[in-house]
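Inside the fold
One-letter residues, chain by chain:
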There are 12 protein chains.
Amino acid sequence: MKPKTKTMKRILVIHGPNLDLLGEREPGIYGRLRLEQINSALKKIAKAKKVKLDIVQSSYEGQIVERIIKGRDKYDGLLINPAAYTHTSVAIRDAISGTGIITVEVHLSNIYAREEFRHKSLISPVAKGTVLGFGPKSYTLGLLALIDLLNAR
Amino acid sequence: MKPKTKTMKRILVIHGPNLDLLGEREPGIYGRLRLEQINSALKKIAKAKKVKLDIVQSSYEGQIVERIIKGRDKYDGLLINPAAYTHTSVAIRDAISGTGIITVEVHLSNIYAREEFRHKSLISPVAKGTVLGFGPKSYTLGLLALIDLLNAR
Amino acid sequence: MKPKTKTMKRILVIHGPNLDLLGEREPGIYGRLRLEQINSALKKIAKAKKVKLDIVQSSYEGQIVERIIKGRDKYDGLLINPAAYTHTSVAIRDAISGTGIITVEVHLSNIYAREEFRHKSLISPVAKGTVLGFGPKSYTLGLLALIDLLNAR
Amino acid sequence: MKPKTKTMKRILVIHGPNLDLLGEREPGIYGRLRLEQINSALKKIAKAKKVKLDIVQSSYEGQIVERIIKGRDKYDGLLINPAAYTHTSVAIRDAISGTGIITVEVHLSNIYAREEFRHKSLISPVAKGTVLGFGPKSYTLGLLALIDLLNAR
Amino acid sequence: MKPKTKTMKRILVIHGPNLDLLGEREPGIYGRLRLEQINSALKKIAKAKKVKLDIVQSSYEGQIVERIIKGRDKYDGLLINPAAYTHTSVAIRDAISGTGIITVEVHLSNIYAREEFRHKSLISPVAKGTVLGFGPKSYTLGLLALIDLLNAR
Amino acid sequence: MKPKTKTMKRILVIHGPNLDLLGEREPGIYGRLRLEQINSALKKIAKAKKVKLDIVQSSYEGQIVERIIKGRDKYDGLLINPAAYTHTSVAIRDAISGTGIITVEVHLSNIYAREEFRHKSLISPVAKGTVLGFGPKSYTLGLLALIDLLNAR
Amino acid sequence: MKPKTKTMKRILVIHGPNLDLLGEREPGIYGRLRLEQINSALKKIAKAKKVKLDIVQSSYEGQIVERIIKGRDKYDGLLINPAAYTHTSVAIRDAISGTGIITVEVHLSNIYAREEFRHKSLISPVAKGTVLGFGPKSYTLGLLALIDLLNAR
Amino acid sequence: MKPKTKTMKRILVIHGPNLDLLGEREPGIYGRLRLEQINSALKKIAKAKKVKLDIVQSSYEGQIVERIIKGRDKYDGLLINPAAYTHTSVAIRDAISGTGIITVEVHLSNIYAREEFRHKSLISPVAKGTVLGFGPKSYTLGLLALIDLLNAR
Amino acid sequence: MKPKTKTMKRILVIHGPNLDLLGEREPGIYGRLRLEQINSALKKIAKAKKVKLDIVQSSYEGQIVERIIKGRDKYDGLLINPAAYTHTSVAIRDAISGTGIITVEVHLSNIYAREEFRHKSLISPVAKGTVLGFGPKSYTLGLLALIDLLNAR
Amino acid sequence: MKPKTKTMKRILVIHGPNLDLLGEREPGIYGRLRLEQINSALKKIAKAKKVKLDIVQSSYEGQIVERIIKGRDKYDGLLINPAAYTHTSVAIRDAISGTGIITVEVHLSNIYAREEFRHKSLISPVAKGTVLGFGPKSYTLGLLALIDLLNAR
Amino acid sequence: MKPKTKTMKRILVIHGPNLDLLGEREPGIYGRLRLEQINSALKKIAKAKKVKLDIVQSSYEGQIVERIIKGRDKYDGLLINPAAYTHTSVAIRDAISGTGIITVEVHLSNIYAREEFRHKSLISPVAKGTVLGFGPKSYTLGLLALIDLLNAR
Amino acid sequence: MKPKTKTMKRILVIHGPNLDLLGEREPGIYGRLRLEQINSALKKIAKAKKVKLDIVQSSYEGQIVERIIKGRDKYDGLLINPAAYTHTSVAIRDAISGTGIITVEVHLSNIYAREEFRHKSLISPVAKGTVLGFGPKSYTLGLLALIDLLNAR
């Protein structure tokens, strides 16, 4: 990753597959907030903390990989909810470790209180830290943590 | 899922990766019928049973996820042969359970008589039922079962 | 198996252990239809499709094995719901593969959505195909598939 | 847990075994801040957010269990870094689920990027949410999340 | 696969996800050569050996599947570095075995000297042979081997 | 299970395979009392506690299943030593959960101090409780517990 | 263990961690009786059967170990509900087998019908027998069995 | 087992499930000899070696258990081909170890060269010895070995 | 393997490592006969059955491999007790399957009644049959079986 | 750990749970020497080798952790027999690696010749070396080795 | 390894057990070329590339270890087909990593398309790279790669 | 083993494969002392303690087996560093348990702090005790322990 000048930090936010269902889908697990409302909350924080934010939702593993790789000179940090790909994607893991982008992983639900196959995250070992189980609040806490990490570099 | 009016039932049929090879590929395992012939048989049943049918083939996990999510207000039921994604896609599983669409899973071959890694279906637990091992007949039986399920609601 | 003359196909239907409880037992899992009602539905199909049907229910693994072996020159096909023996009986599996009888396996419930130990079928690898999860409808779809298989030989 | 009146929320903070070493021990993994500095940061947040805070460090599994049980009518929430007991203590897990206290789990290091035996948390399934990998920041984010959870009840 | 006439052999080269990072990404593991330099080396060999070469890089599992399936009448052989999909893609495996295309698998790094989850290749069992651990040289050796295999048919 | 009138409770006692050997077989493990002596002790308790008792020994899994199913309207409770079938019979488990009969499981020996394959009971999860390791005393304690459970309903 | 004189038998009763919560904690699993009520029932039996009883509750593994070791010349038998330590404590197991004290293990709930990690008891192999699943009744049955064992020596 | 007088040795031969199919069933695995022919060969050896022989075939696990238990005072040795029950019957294992009858296990096929689930014999650990893989010859060698063992006692 | 003329059959007997200890070593497991006595018994049978016999004992895996490979044109059959190499030698397995020599595997003890690691034979799947548990008698039965197999070719 | 001046080395000796039973408990496994006799032997060596020795026995995991942590500036080395905690304590492991104290692990018995669950030591990977199986001699050899390690620093 | 002068590179070629069978043994798996023909091809390349080559075949694990250790000052690189020892030899692995010799591993067959136990190579993690599945061509490609590696040092 | 006269004890020292590399090979793991220096240290102790010592190094599993077996009447004790064969040799284990020779196992490195496959010793269960992790000091401590054991017999 090329050296950063002392400008505004830029952060890429990636929502993984099925997150466009948010607010409709299994509210007992994921809460009632829609994705736009989460995005608004994130943008509000970004504004307050003076960081730039680009947000993308994709159900394609390949597209998520591409966004990370193509953004390697454009973003200082990555806030990602890999959703279903948390448990199956070596490709996203390799994109994160390959670009070396500072990454915070978030989950709406407590994946460790759900099915056995959700207890293994392929992403956690390449993320700096993880916030999980707080619903939409996982995102806002995660963003605060990421900004902190970027400012501390 | 929003409540349905008493109109014609609409069903989405999804053929997973490599099924466009059908009829050419390993006929000992998959039979000699081409995909179009299966589709014709399905359409004939749909006509007789007075249901609407949309059919899609995709080799992209992300596209299958999107089709299910975007179709959540458009279709009453899903007939899916997840093919290779049967064993690896948490994302398709989450799309089915997230939208709550009534789903029937079909397989041309008897996956339990093949390699060990094909004995685990990530889709079965979120499908209502499964038909497997009868070649193209798996599809037609599966469609009959699905129509029955939709009419019984 | 001795060669078949061009006469009416004969099919043996076997209901495994505890299926005599049907309609009383855990209706949330198995539905409310009693075994006789399922049998009536099967006989109606048999009549329409011009095949002969013998039906037996047994809670004895040994008796199920014997019925298959002794029926090896008498029946062209086997429709079996092995119930609990699905997961524990090598003997029934060996009877099926030893006689070479064309077999369709059916399950009322979706065994892959239940306890872990029900996810392994010892019978599936020696059956032509399997229909599961549709309640009593699993039987009727399974019989249709079996008749098709026998007519196609 | 008895019903709470509309008074100041009370939170118990538990630091598990070896955390009194903090700042000295393996700074590459745990950072350079001492436990008192973390406690000061937590108290500052508590003051700002108008919650009461009791903080305890213990290397005894039994003592941690007792503090949770004896505090069941005294505290509204629990912020816990179970440290080594994360991976071995069924007793602490049972204390949390038995009292039903609202719990947030925090870890200084990213336990999923360390030895295999640290990848299994017995505490996560009974916590509301988890924050891990951000060093001392895990605690402050965790406290913010916990206060939020308590205020939302 | 339809019979080939005695013309110039055509080979498809597929670079899997993240390989567009080559030369930048973890040079300790993958070396310092960029993808274009590898492609140049491959083209030089192709010219010398009088075979035609098409080269594609994709981060989409679905696109890799499609390229193999759509190329089934167009190419005589496949040289593939499945990268992250080596360990997770049943779909690419099925595309290779379904089309029956002669395949050589290559890896820049020695996957068996890395993390446990990289020790299992889903592609190896359907490839003719594998070359791994030699950095960019894996590709050139792999291409030589593939040309040899095609000429020997 | 049909509702019970306020009459004498009826209990079915089932001794599984090989228990007719009792008193002869491996006394170091099973003790020196013969089956009749155990039965006498049980009958004495039944008389004192005013419950009716039917006792059966069978080495047939199918017969045990049948006795449970056919007794579903006849008995209020089941005291069972499934012996070898403890570890292998899904059918007996299904008969117990299918009829919903109140069940107490007993074992003469401490199965958890014997071979590994005896450490897994398929029956325990569907029994109310289990008494094991006290020799013939396991039966009498088990009967007392069962009578208690029935009286408490 | 030193030889016992023909005097009143002395029994140590140990309640493991979290059992002081009894009656409050998850009544669906553990029932509504408080620990004192169980202790009263035990003392009543002890009085009737003319044995001496000491009762201790501890959440400390080390304290439970010490009580067993220090009691080795003082008690003839041990009635223990190891609770959470059932599944994790080699130390308590070693204390029991090291002192050779006659031990009966009890559990309020049916541990084999709960989470997988509760299916393994480290204590069972060194106990004479086990009573589980009958709620507080497990204790009284267990005490009766223990007195019997001591009288039979 | 009661002490034997110095008379003719008596041997029980048990053929397990599906062995009545012999000669018809999968001759590639089991050979072309029918069960009667094997029995004749065994009787011929018995006559020559002056031992008495009773032969039984059963597909019922329970019946095999009963024959062993009821024969405990009648037979000096057991020659058994447990067939499918080799891999699933704890009950037959317990009958053999419970009666203490001298047992030789035989298999027509080489079970260790077949499916994984056939590689585990529950019977081998309680048999004196095993002969497998020689087709009908396994029986005659097994009988010779058993007679030898009985004469050596 | 080159075609054999109708002459006397030649058999190679291989005793694996530690078998030179026989008669001294753990007689409870291996019996009291010395290796020479077993060899004499084998030679006597060979003479009676008119086959030629070469006998070798080796503690070197490599030497056993070499003897099999170098004997591939010299011997019609192999009688082998691989002893410790049963469980660890892929090389001996490959030598047997590579030369295609007709092989009978024997063991003095019942390896399936010993330590877990002795329950897996790498040799069984490439042997025609196995005789085990009869002490020195395993060899003589094994030789008879091998001669039979050779004469039947 | 703070730098050491050239003074007498100080060593902490920790005996884990149940070791106060020594000499009484299972002498077949642990020998007949009492703990004080072992301590005397250690002190004698300490005197001869001119090192200071503090000895503690504890059955509390938490107390062992505390002794190590609180002793981090006081001791140069640790000689520990973690006994039962060998196999279950991540906390003691973390205390050793966290303080960085030079540690030698000893065991009276050969833990690798006992039950399976004793074959895994959580302490070994953070100890410099281990001495096991020599009874009390394990301690004296371990102390000699530790003194050597400290003198060599 | 001592520093090399700028002279001709020296390479040791090791053929593991059973490779002297080549050309005779299972040609479907290993091809029809004999070992001498492979050696000739290797020598031809060596001559062209101006490297010195010593070739050895051994069925002894110990001898292979010794050749590597004794050659540590004599050879610059090692080309090895460990054959059966691939899956079982820690000793050869340690010889390679101990001497630090630059190593290329080759296999005639695609070991990942064969039996499960051949999917694990103990040698791969200490080799620079691996070439497998191309028959004799694996050797020549492997030699080219090795020469390249040596020249690049 | 024949009875020993009251003469000087004789000890066999065996160094396993690759130990002739000592001092050169991976000094970070094995230290810088050469094998001769270790041997000198051992001889010095032997002289002081008045025992006879024979020392052998071998890379052949078969040769190590032979040395143990042939030495069974010649040596009173065995000091062995099985090196790589620790993890793979059942044959050496059987030689030790077969001859019953008093054995002490030593390792230079802490095998439990290295790769997973080095955590399992096949030799430990048949050795009296083990010393590991102290480099060359493991040998001298092991010899002292062995002499002690021999003198105590």
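Residues numbered from 1 in each chain as written. Chains lettered and ligands numbered in written order. Predicted model: local features only at pLDDT ≥ 70, side-chain atom pairs only at ≥ 80, totals over all residues. Heavy atoms only, no water.

Re the interface of chain A and chain D
Counting from both sides, the interface comprises 22 residues of chain A and, opposite them, 22 residues of chain D. Taken together, the two surfaces of chain A and chain D that pack against each other cover about 1700 Å², and 61% of this comes from carbon and sulfur. A per-residue breakdown of the area chain A buries against chain D is headed by Tyr112(A), Phe134(A) and Leu141(A), which together make up 30% of the total. Counting across the interface, chain A meets chain D through two salt bridges. Among the ionic pairs, Lys137(A) bridges to Asp148(D), the shortest N-O distance being 3.2 Å. Those elements that provide at least two residues to the side of chain A that touches chain D are strand 5 (129–132) and helix 5 (136–151) of chain A. At six residues, the largest contribution of residues to the side of chain A that touches chain D is made by helix 5 of chain A. Class assignment for the residues of the side of chain A that touches chain D results in 12 nonpolar, six polar and four charged. Pairing analysis gives three bridges linking strand 5 of chain A to strand 5 (residues 129–132) of chain D, with the strands arranged antiparallel. When the bridges of strand 5 of chain D are listed, Thr130(A) appears paired with Leu132(D). (Contact = heavy atoms within 4.5 Å. Buried area = accessible area lost by both parts, 1.4 Å probe. Salt bridge = Lys/Arg side-chain N within 4 Å of Asp/Glu carboxyl O. Helix = DSSP H or I, 4+ residues; strand = E, 2+ residues; numbered from the N terminus. Nonpolar A, V, L, I, M, F, W, Y, C, P; charged D, E, K, R; others polar. Pairing = 2+ DSSP bridges.)

Focus on the packing of helix 2 (residues 35–49) of chain G against helix 5 (residues 137–152) of chain G
Residue and element names in this part refer to chain G. At a minimum axis separation of 10 Å, helix 2 and helix 5 run at an interaxial angle of 25°. The angle between helix 2 and helix 5 falls in the class roughly parallel. In terms of crossing hand, the pair formed by helix 2 and helix 5 is right-handed. Across the interface between the two elements, Ile38, Ala41, Leu42, Ile45, Ala46 and Lys49 of helix 2 pack against Tyr139, Thr140, Leu143, Leu144 and Ile147 of helix 5. (Axes fitted to C-alpha atoms, helices over the stretch in contact; angles between N-to-C directions. Parallel < 35°, antiparallel > 145°, perpendicular 65-115°, else oblique. Left-handed = near helix turned anticlockwise from the far one by under 90°.)

Topic: helix 4 (residues 90–99) of chain G
Residues and elements named next belong to chain G. Helix 4 sits mainly inside the fold: nine of its 10 residues count as buried. Among the residues making up helix 4, those that are buried are Val90, Ala91, Ile92, Arg93, Asp94, Ala95, Ile96, Gly98 and Thr99. Among the structural elements, helix 3 (61–70), strand 3 (77–81) and strand 4 (102–107) are those in contact with the buried residues of helix 4. Phi turns positive, to about 70°, at glycine 100, one or two residues after helix 4. (Buried < 20%, exposed > 50% of the residue type's maximum accessible area, 1.4 Å probe, protein only.)

Section: the relation of the copies chain A and chain D
Of the transformation superimposing chain A on chain D, the axial component is 0.0 Å and the angular component is 180°, with the fit at an RMSD of 0.0 Å. When the rotation and shift are considered jointly, the pair of chain copies conforms to a two-fold rotation axis. When C-alpha distances to the rotation axis are compared across chain A, the minimum falls at Val131(A), with a value of 2.3 Å. When the interface residues of chain A are mapped onto chain D, 100% of them again fall at the interface, so both copies present the same face. (Least-squares fit on C-alpha atoms with pLDDT ≥ 70 in both.)

Side note on the side chain of Asn39(F)
All names here are of chain F. With respect to the element layout, asparagine 39 can be found in helix 2 (residues 35–49). Residue classification places asparagine 39 among the buried residues on the basis of a relative accessible area of 14%. If we skip the residues at most four places from it in the chain, asparagine 39 touches His15 and Ile55.

Quick word on the pattern of salt bridges
In total, this model carries 86 salt bridges over all chains according to the counting rule given. Among the salt bridges present, the one from Glu115(D) reaches Arg118(D), with a minimum N-O distance of 2.8 Å. When the shortest N-O distance is used, the salt bridge between Arg34(K) and Glu36(K) registers 3.7 Å. On the accessibility criterion, Arg34(K) (33% relative accessible area) is partly exposed.

What to know about the sheet that holds strand 3 (residues 77–81) of chain J
Spatially, the 10 strands line up as an open sheet ordered 2(J)-1(J)-3(J)-4(J)-5(J)-5(L)-4(L)-3(L)-1(L)-2(L), and their pairing is mixed. Edge positions in the sheet fall to strand 2 (51–57) of chain J together with strand 2 (52–57) of chain L, since each of these pairs with one other strand and no more. Across the sheet, the axes of successive neighbouring strands diverge by a mean angle of 15°, strand direction being ignored. The sheet contact formed by strand 1 (residues 9–15) of chain J and strand 2 of chain J spans seven bridges and is parallel. Across the sheet, Ile11(J) pairs through a bridge with Leu53(J), a residue of strand 2 of chain J. Sitting on the sheet, helix 2 (residues 35–49) of chain L is in contact with strand 1 (10–15), strand 2 and strand 3 (77–81) of chain L, with an inclination near 165° to strand 2 of chain L. Sheet strands in contact with helix 3 (residues 61–70) of chain L are strand 1, strand 2 and strand 3 of chain L, and its direction is about 175° off that of strand 1 of chain L.

Concerning the environment of Lys9(K)
All names here are of chain K. Secondary-structure assignment places lysine 9 in strand 1 (residues 9–15). Each C-alpha atom of the pair lysine 9 and asparagine 151 lies 8.3 Å from the other, and the pair is 142 residues apart in sequence. Excluding its chain neighbours within four sequence positions, the residues that come into contact with lysine 9 are Lys50, Val51, Lys52, Asp76, Leu150 and Asn151.

Describing the packing of aromatic side chains
Overall, the coordinates contain 18 aromatic pairs over all chains when judged by the stated rule. When the ring of Tyr60(F) is compared with that of Tyr60(H), the centres are 6.0 Å apart and the planes differ by 65°; the resulting orientation is edge-to-face. With Tyr60(F) in the loop between strand 2 (51–57) and helix 3 (61–70) and Tyr60(H) in the loop between strand 2 (51–57) and helix 3 (61–70), the pair connects residues from two separate chains. According to the relative accessible area criterion, Tyr60(H) is buried, its value standing at 14%. By way of ring pairs, the aromatic residues Tyr60(A), Tyr60(B) and Tyr60(E) are connected into one cluster. (Phe/Tyr/Trp six-rings, centres within 6.5 Å; stacked < 30°, edge-to-face > 60°.)

Let's talk about the pairing of strand 3 (residues 77–81) of chain B
All names here are of chain B. Taken across its five residues, strand 3 has five buried, putting it largely inside the fold. Burial along strand 3 is two-sided: the residues Gly77, Leu79 and Asn81 and Leu78 and Ile80 are all buried. Bridging between strand 1 (residues 9–15) and strand 3 involves five bridges; their strand directions are parallel. Its bridge partner lying in strand 3, leucine 12 is registered against leucine 78. Relative to strand 4 (residues 102–107), strand 3 is paired through four bridges, and the arrangement is parallel. For glycine 77, the partnering residue across the bridge sits in strand 4 and is isoleucine 102. With respect to chirality, the unit in which strand 3 leads through helix 4 (residues 90–99) into the neighbouring parallel strand 4 is right-handed. (Right-handed = clockwise from strand over helix to strand, strands pointing away.)

Let's talk about the relation of the copies chain K and chain L
Note on the identical chains: chain K maps onto chain L by a rotation of 120° and an axial translation of 0.0 Å, with an RMSD of 0.0 Å. On the angle and the small slide along the axis, the relation comes out as a three-fold axis. A share of only 18% of the interface residues of chain K reappears at the interface of chain L, consistent with the copies meeting through non-equivalent patches.

With respect to the interface of chain K and chain L
Contacts between the two partners involve 17 residues from chain K and, on the opposite side, 17 residues from chain L. Carbon and sulfur atoms supply 54% of the area that chain K and chain L bury against each other, a total of about 1500 Å² over both sides. Considering only the side of chain K, the residues that lose the most area to chain L are Arg72(K), Val90(K) and Asp94(K), jointly responsible for 32% of the buried surface there. Where chain K touches chain L, the interface holds two salt bridges. The dominant element in the side of chain K that touches chain L, judged by the number of residues it contributes, is helix 4 (residues 90–99) of chain K, at eight residues.

Section: the sheet that holds strand 2 (residues 51–57) of chain I
With mixed pairing, 10 strands are arranged side by side in an open sheet as 2(H)-1(H)-3(H)-4(H)-5(H)-5(I)-4(I)-3(I)-1(I)-2(I). At either margin of the open sheet sits one strand with a lone partner, and together these are strand 2 of chain H together with strand 2 of chain I. Each strand axis lies, on average, 20° off the axis of its neighbour in the sheet, ignoring direction. Here helix 5 (residues 137–151) of chain H sits on the sheet and contacts strand 1 (9–15), strand 2, strand 3 (77–81), strand 4 (102–107) and strand 5 (129–132) of chain H; the angle it forms with strand 4 of chain H, its principal contact strand, is near 165°.

Quick notes on unusual backbone geometry
It is generally the case that most residues other than glycine have a negative phi and that most peptide bonds are trans. Of note in the backbone geometry, Lys50(A) takes a positive phi value of approximately 60° without being a glycine. With respect to the helices and strands, the residue Lys50(A) is situated in the loop between helix 2 (35–49) and strand 2 (51–57). One non-glycine residue with positive phi stands out, namely Asn18(L), at about 75°. Here Asn18(L) shows up in the loop between strand 1 and helix 1 (27–30).

Thoughts on the arrangement of the chains
You won't find any contact between chain A and chain H; their C-alpha atoms come no closer than 25 Å. Regarding chain E and chain I, which are not in contact, the minimum distance between any of their C-alpha atoms is 20 Å.

Observations concerning the confidence of the model for chain A
Per-residue confidence for chain A gives a mean pLDDT of 92, with 93% of residues at or over 70. Scored as a complex, the prediction yields pTM 0.93 and ipTM 0.91. (pLDDT = per-residue confidence, 0-100.)

As for helix 3 of chain G
Within helix 3 of chain G, burial applies to Glu61(G), Gly62(G), Ile64(G), Val65(G), Ile68(G) and Ile69(G). All buried residues of helix 3 of chain G project into a common sector of 165° when viewed along the axis, lining one side. The inward-facing, buried residues of helix 3 of chain G contact helix 3 (61–70) of chain D, strand 1 (9–15), strand 3 and helix 4 of chain G together with helix 3 (61–70) of chain J. (Arc of directions from axis to C-beta.)

Some details on the environment of Asn39(E)
Between the C-alpha atoms of Asn39(E) and Arg10(E), which are 29 residues apart in sequence, the distance is 15 Å. Within the structure, Asn39(E) has its side chain in polar contact with the side chain of His15(E) (distance 2.8 Å). (Polar contact = N/O pair within 3.5 Å; in protein donor to acceptor, adjacent residues only side chain to side chain.)

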